[in-house]
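# Results of the structural survey
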Amino acid sequence: GILEKTRLCLIKKLLPHLEDRRKYHDEFVSSTSFHGVHKIIQTRSKTRKVLWLLVLAGCLAVVIWQICSRFIYYFSWPTTTTVVVQYVENIQFPAVTFCSLNRFQAHAVSNLKIIFLIWNIVSSILQKFAKQDKYYQELNDFLAGNQNFSIKEFTRKNGFYLNSSTLLECDFFGKPCYPQDFEHVFTEYGNCFTFNHNDLSARRVSLSGRGLHLLFDVQQDQFTDEPALGYTDAGITFVIHSPQELPRFDGLGLLTPVGTHAQVAIRQLKSIIQEYPWGECKPDIKLQYHKIYSTNGCLLECKARYIQDWCGCLPFILPG
């Protein structure tokens, strides 16, 4: 319509004659600062034309490659890691979780062996008598009522405990601490106890103090594992971690044998991970059984779901 007619009219008026266009092109080629163009046009030798054409094409390819690579680099959101060492007067005191290498009380382990031996003998005998109808119901009731053994409850009641007899001394920067200041937690070492756990407000302390001083009484004749299974160690294992995270003993636990004094220095390390698009951190991820996201907590929950899906049961030391 009208727009197309207007466009054609403008093209006819603006389009110069062929001679004018040739003259304009010659002037542009001879005066342009694009060095290789007028060399290609003005030179008489075909060999030189080809050489200048190759040089010009190569330079154009390099320019295009540099521009594209810079755009790709820019939109890849490059990240710079900065490490800053800062000396501060007050830091947040970490959580300290400790466990006894002797997981269970000696008398409980001995009684448990006897109970399992008797139970295996009695249950096998009762199964034979159960074929007679007059004993069938009674024996089934007996078997059903005595097979709900819980390793979790057994560990809680008969594992290592913390009271005034096992915690001989506790001192936190000159102030006494008591067994009720520790929180019970299950780990692969059974009953463990955490000082400065996440339910309490994290203590802020001066760097010039002595820190936390603990003295335990771990008697191997009172707390011991089965020597036949290879548990012959005696002492305390402990780990220092953030109050918001679960203790991780695998590869990180420190050992203190019986009759020794151990000192451990602490250093606070704070990592700030950038979010997308500069990094891979996703702050919206929430864990089901942990208030604060951590790699260890995520791995524990994934391990628990995997075992639950394949076995239909769950070890009590895993969340859920």
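See above for the structure.
Residues numbered from 1 in each chain as written. Predicted model: local features only at pLDDT ≥ 70, side-chain atom pairs only at ≥ 80, totals over all residues. Heavy atoms only, no water.

## With respect to the nonpolar core
The biggest cluster of nonpolar side chains holds 15 residues, and the ones touching the most others in it are F98, L162, L167, F182, F193, F195 and F216. Broken down by secondary-structure element, the contributors of at least two residues to this core are β2 (95-100), β3 (167-172), β6 (190-195) and β9 (235-241). Here this core takes 3 residues from β3, the largest share from any one element. Aside from chain neighbours lying at most four places away, what touches L162 is F98, L167, P179, F182, F193 and F216. Counting residues in hydrophobic clusters, the runner-up holds 7 residues, among them C99, L101, C192 and V239. (Core = buried A, V, L, I, M, F, W, Y, C linked by side-chain atoms within 4.5 Å. Buried < 20%, exposed > 50% of the residue type's maximum accessible area, 1.4 Å probe, protein only. Helix = DSSP H or I, 4+ residues; strand = E, 2+ residues; numbered from the N terminus. Contact = heavy atoms within 4.5 Å.)

## Some details on the state of the cysteines
In this structure the tally under the stated criterion is 2 disulfides. Two residues share a disulfide in this structure: C99 and C192, whose sulfurs sit 1.8 Å from each other. The sign of the 110 degrees torsion about the S-S bond sets the C99-C192 disulfide as right-handed. One end of the pair, C99, is in strand β2; the other, C192, is in strand β6, with 93 residues separating them in the sequence. Residue C99 shares its accessibility class with C192, and that shared class is buried. Across the protein chain, the way the bonded cysteines pair up, counted in sequence order, is 1-4, 2-3. (Disulfide = S-S within 2.5 Å.)

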